[in-house]
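# Reading the structure
Spelled out, the chains give:
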Amino acid sequence: MEVLKKMRIVLLLLPLCLETVICYSNGKVEVACRDMTPQHGYDPSPKDPPFTITADKSQFSPEDEIKVTLSMASSGTKHYFKGFLIEARNAGNLREIVGSFKLINSDISQLLQCDNKVNSAVSHTSDSHKTEVQVIWVAPPDSPSSVQFMLTVAQGYKEYWVKIVGPVVSQSGVVPPPQTTFGGSTGTKTTASSTLSRSFTSEGCGIRKSCLRDPQGCDPQNDTACHFLSFRTEGNGVMFELSGPADGYVSFALSLDKWMGNDDVYLCIKDTDRVDIKAAFVLGRTHPEISSENILKDTAWRLSDGVIQCSFRRDIYLQPDNANRFILDQMYYLFMAHGRAENGLTHRHDRQPLISTYQTVITGPPEDLTGSRSPLLIKYHGAFMLIAWMSTVSAGVIMARYFKPDWPERNILGQKVWFQLHRMLMTLTVLLTTVGFVLPFLYRGGWSKRAGIHPYLGCVVMALAVIQPVMALFRPAPDAARRYIFNWMHFGTGTIVQIIAVVTIFLGIHQQALFLPSPWSTAVLAFIVIWFVLADLVLEVHRRGFLPIGKYFKNVKIYTEHINSDDKEEIMFVPDENETSSMESCFKNIVLAVYLCGNLGFLTVLLWTISSV
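Here the structure is a predicted model, which is why all the values come from computation and not from measurement.

### Some thoughts on the pairing of strand β17 (residues 263-271)
Across the nine residues that make up β17, a large majority, eight, are buried. For strand β16 (residues 249-255) and β17, the ladder comprises six bridges, and the chain directions are antiparallel. Counted as the bridge partner of Phe252 is Tyr266 from β17. Pairing geometry for β17 and strand β18 (residues 274-282), over nine bridges, is antiparallel. Its bridge partner lying in β18, Leu267 is registered against Lys278. Once β17 ends, the chain turns through two residues before running back antiparallel as β18, passing Thr272 with a positive phi of about 60°.

### Examining the pattern of salt bridges
Applying the stated criterion across every chain, the model contains 16 salt bridges. As a salt-bridge pair, Glu87 and Arg89 come within 2.8 Å of each other at their nearest N and O atoms. In this structure, Glu87 and Arg89 share a single accessibility class: buried. Among the ionic pairs, Glu241 bridges to Arg232, the shortest N-O distance being 3.8 Å. Owing to a relative accessible area of 12%, Glu241 belongs among the buried residues under this scheme. Among the charged side chains, a network of salt bridges with common partners joins Lys209, Arg232, Glu234 and Glu241.

### Considerations on the packing of aromatic side chains
Between two aromatic rings, the relevant description is the distance of the centres plus the angle of the planes. Going through the model one piece at a time under the given rule, you end up with 23 aromatic pairs. Ring centres 5.3 Å apart and planes at 85° place the aromatic pair Phe51 and Trp161 in the edge-to-face group. With a gap of 110 residues between them, Phe51 in strand β1 (residues 51-55) and Trp161 in strand β11 (residues 160-171) connect regions that are remote in the sequence. On the basis of relative accessibility, which here comes to 8%, the residue Phe51 falls in the buried class. Cluster of aromatic residues (ring-pair linked, three or more members): Phe231, Phe240, Phe252, Tyr266 and Phe312. Of note, Lys588 hangs over the ring of Phe403, and the distance from its end group to the ring centre comes to 5.3 Å.

### Focus on the packing of helix α4 (residues 454-473) against helix α5 (residues 483-508)
Look at α4 against α5: their axes get within 9 Å of each other, and the N-to-C directions meet at 155°. Regarding the angle of α4 to α5, the classification is roughly antiparallel. In the packing of α4 onto α5, the handedness of the crossing is left-handed. Across the contact of α4 with α5, the residue classes break down as 15 nonpolar, eight polar and no charged.

### Re the nonpolar core
Counting 33 residues, the largest nonpolar core has Leu386, Trp389, Met390, Ile505, Leu516, Leu525 and Leu606 as the members making the most contacts within it. Mapped onto this core, the elements with two or more residues apiece are α2 (376-402), α3 (417-444), α4, α5, α6 (520-543) and α8 (577-612). With seven residues, the single largest contributor to this core is α2. Among residues more than four places away in sequence, those in contact with Trp389 are Thr429, Thr433, Val461, Ala465, Val497, Gln498, Ala501 and Ile505. The next biggest cluster of nonpolar side chains, apart from the first, holds 31 residues, and it includes Leu229, Leu296, Tyr332 and Leu369.

### So, the environment of Phe101
Along the chain, the position of Phe101 falls in strand β6 (residues 100-103). Here Phe101 falls in the buried class, since its relative accessible area comes to 2%. If near-sequence neighbours (up to four positions away) are discounted, Phe101 is found in contact with Ile86, Glu87, Ala88, Leu111, Asn119, Ser120, Ala121, Val122, Val135, Ile136, Trp137 and Phe149.

### Considerations on the sheet that holds β1
Reading across from one edge, β1-β3-β9-β6 is the order of the four strands in this open sheet, with antiparallel pairing throughout. Among the strands making up the open sheet, the edge pair consists of β1 and β6. The mean angle between the axes of side-by-side strands here comes to 25°, regardless of whether they run parallel or antiparallel. Where β6 lies against strand β9 (residues 132-138), four bridges are found, and the strand directions are antiparallel. If you follow Lys102 over to β9, its bridge partner there is Ile136.

### Observations concerning the packing of α2 against α6
With their axes 11 Å apart at the nearest point, α2 and α6 run at an angle of 0° to one another. Classed by the angle they form, the pair α2 and α6 counts as roughly parallel. Residues Leu386, Met390, Ser394, Val397, Ile398, Arg401 and Tyr402 of α2 lie in contact with α6, whose contacting residues are Leu525, Ile528, Val529, Phe532, Asp536, Leu539, Glu540 and Arg543. Here the residues of the contact of α2 with α6 sort into 10 nonpolar, one polar and four charged.

### Focus: the state of the cysteines
Here the structure, examined in full by the defined rule, presents four disulfides. The residue that forms a disulfide with Cys205 is Cys211, at a sulfur-sulfur distance of 2.0 Å. Disulfide Cys205-Cys211: the torsion about the S-S bond is -80°, which places it as left-handed. Of the residues examined, Cys211 reaches a relative accessible area of 0% and is grouped as buried. Between the sulfur atoms of Cys268 and its disulfide partner Cys310 the distance amounts to 1.6 Å. Taking the sign of the torsion about the S-S bond as the criterion, the disulfide between Cys268 and Cys310, at about 50°, is right-handed. Of the two residues, Cys268 is situated in strand β17 and Cys310 in strand β21 (residues 307-315); the sequence distance between them amounts to 42 residues. Across the pair, exposure class does not vary: Cys268 and Cys310 are buried alike. If the cysteines joined by disulfides in the protein are listed in sequence order, their pairing comes out as 1-2, 3-4, 5-6, 7-8.

About the cut-offs
- Counting restarts for each chain: residues are numbered from 1 in the order of the written sequence.
- A pLDDT threshold of at least 70 governs which residues receive local features in this predicted model, and a stricter bar of 80 or more applies before side-chain atom pairs are shown or counted, although totals over entire chains, interfaces and linings include all residues.
- Note: side-chain values were computed over all heavy atoms of the structure, leaving out hydrogens and water.
- Throughout this description, buried means an accessible area under 20% of the type-specific maximum (1.4 Å probe, protein chains only), exposed means over 50%, and partly exposed covers the range between.
- In this description a helix means any DSSP run of H or I spanning at least four residues, a strand means any run of E spanning at least two, and both kinds are numbered starting from the N terminus.
- Note on pairing: two strands pair once DSSP finds at least 2 bridges between them.
- Put simply, a salt bridge is a Lys or Arg side-chain nitrogen that is within 4 Å of an Asp or Glu carboxyl oxygen.
- Classification of ring pairs uses Phe, Tyr and Trp, with its six-membered ring standing for Trp, and accepts pairs whose centres are within 6.5 Å; under 30 degrees between planes counts as stacked, over 60 as edge-to-face, and the remaining range as tilted.
- Over a ring means this: the NZ of a Lys or the CZ of an Arg is within 6 Å of the ring centre and within 35 degrees of the ring normal.
- Each axis is a line fitted through C-alpha atoms, taken for helices only over the stretch in contact, and angles between the N-to-C directions span 0 to 180 degrees.
- We call two directions roughly parallel when the angle between them is under 35 degrees, roughly antiparallel when it is over 145, roughly perpendicular when it lies between 65 and 115, and oblique otherwise.
- The handedness criterion is simple: a crossing whose near helix is rotated anticlockwise from the far helix by less than a right angle is left-handed, and one whose near helix is rotated clockwise is right-handed.
- Residue classes follow a fixed rule: Ala, Val, Leu, Ile, Met, Phe, Trp, Tyr, Cys and Pro count as nonpolar, while Asp, Glu, Lys and Arg count as charged, and any other residue, Gly among them, counts as polar.
- The criterion is simple. A nonpolar core is a set of buried Ala, Val, Leu, Ile, Met, Phe, Trp, Tyr and Cys residues joined through side-chain atoms within 4.5 Å.
- Any pair of residues with heavy atoms lying within 4.5 Å of one another is described as a contacting pair.
- In this description, the term disulfide denotes a pair of cysteine sulfurs within 2.5 Å.

Below, the structure is given as C-alpha cells:
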C-alpha cells in the first residue's frame, strides 16, 4: 500500500516535474525577473535589436490602460522571435517593477509574478515563431511619474537581447525624462578559451592528481572510449581536466549525495568546431541553470576523433554571491555524464552518470577513484530478478513436469519430494520477485517514465507471480472431476508469466540504470534461455518414449546373457520394470545436473557483470 501511495503522489507531481524540465521553452522564467537575463549561459547579442517596441499612449493617468506592441523590424536575417519578457519599471528607479498586465492573446503570451507582484510581467508560452505580440499594461493607483518599458527578446538559445529599452510613458503634465537608447544589450564579459595542443593523459593518476575513469584504468591519450576526469590543486585554485566521447557535451558535477539535484555542475559543450566551457547548477532533476558569472579561468579545449576535451581552473573559495558554487576543500561525490546538444542547449545524458564510489576532498591528497554507473539498489533488483526467472523458476518447472514418478517411497514433511522441491523453488521465486520489484521504487521514489515498457511488464510479472500461489491454495483434490481446469490454468499462467519475465529481463539489461555490456551480455542471457529450452526438450522427448534409455541398457544386458547361454532357444526378452525405472531416473538426474551446472555458470557470469558496472 505504501508503494501504491508513493506511485499516486509521483503521478500527481509528474506534470509539475515536466513543467520544471522545460521551463525555458514554456516561458516560466520568473528566475530572470530581476536582471531579465535568460539562463542560457551565452552572452547577449552585440547587434542592434531587430525589433520595434511601441505604446499607444505617451501619457496616462492612474489605472489607465496602455497597449504595448512588440514586433519584428523590417531589417534582420530572421523574421521571427521565439521568446520574450516584458516589464514596466519606474523610470526614476529601474530596479522597481510597477503596474500589472492583461493579455490580448493567451495562446502566445502569459502573465508572471515578478518581485512578488501579481501579473507584473509577460512572457511567451512556447518557442513557436512569432512576429508580433500585444499586451495591455494597467497603471497602478500609486504610479510613479514616468514608466519605462523594458524587454528581453530571444530568436534562439544563443541569440538574444537583454533589457531592450522601450518607450517611456508619463503621467499627464509630467515632462518625460530623457530616454537612453543603445545598440545591442547588456551582458557579461567572457575570457576567450585556448586550444589544447595534445590529449590528456592518465600518467600521474593517484600520485600527482586525482582521477575518475570509465573504464577503470583507461588512458584518454590512447583510448577514445575513455571517460576521464582529473583534478589537482594549484595555489589557491584547482585545475580540472575532462574528456570523453560524446556527440554534444561532457560534464561533471560535485554532489553531496548520490542523487541528482542541488549539484555544482561544469559542462564542456561542443558548438560546431569549438567547445564552450560553462559552470551551471542543477536544482532537483531539472535542466542545468547556466551561471551568468564567469568564474572559470585558463579555459582550454580540444576536439578529436569524436572526443571532447576541456580544462579549466577554478578558485577554491568564491565570493558569497556565488551561492550555487561549492567550496572545493570539502568532500563531495563526483558525477560524470555526457549526451547530445543542439544549438548550445544540452539534452538529458545518454547513459546513467558515472558516480564515484565514495566522497572525496577535491583539494585532498591525490587518489585513483572508482565509480559505478548503476546504483546499488538497481544492481540488487537486476540480480534478484535474474536468479528468480533464469534459475529458480526453471528448476521448479522441470521438477514438477518430469520428476513426479521419482522417489515414490520418500516424503518431506508428509508431502512427495517433487512437490516440496517445486513449492520451495516457486516460493523462493515469488519472494525474490517481490523484493526485486520494490527496489526500483525505493530508488526512484516512485514511477519511472524513462524506462519504456519495462516497468509495465514488471508489474504484470509481479501480479501473475502472486496469482500463481494463490491459485494453488485453492486447487481441488487430485481425483476431483474438475482438477484438469486447475491444471491448465496453473500451467498456462505459469508459462505466460515466465515468457513475459524473460522479455522484461532482456529489456532491463539495457536500461540506463543497469546498462550491461552489449552484445555479449544479451548473448549470455539468450544462452541461458536456450539452455533451458534444450533441457526441457530432451526431458520431454524422453518422457514421451522417444529416448527409452532404460530399455537400451536392458537390451544390452539380455543380449550378453543370450550369447553366453547353453540353451539359446529358451532365452526370452523379459522386461524388468524396476531396472528400467532406475535407468530412466538416472538419465533425468544427469540431464538436470548438466542443466543446473550450465545455468548456474552463465548466471554467475551475468551476476559478476552486474557487480562490475
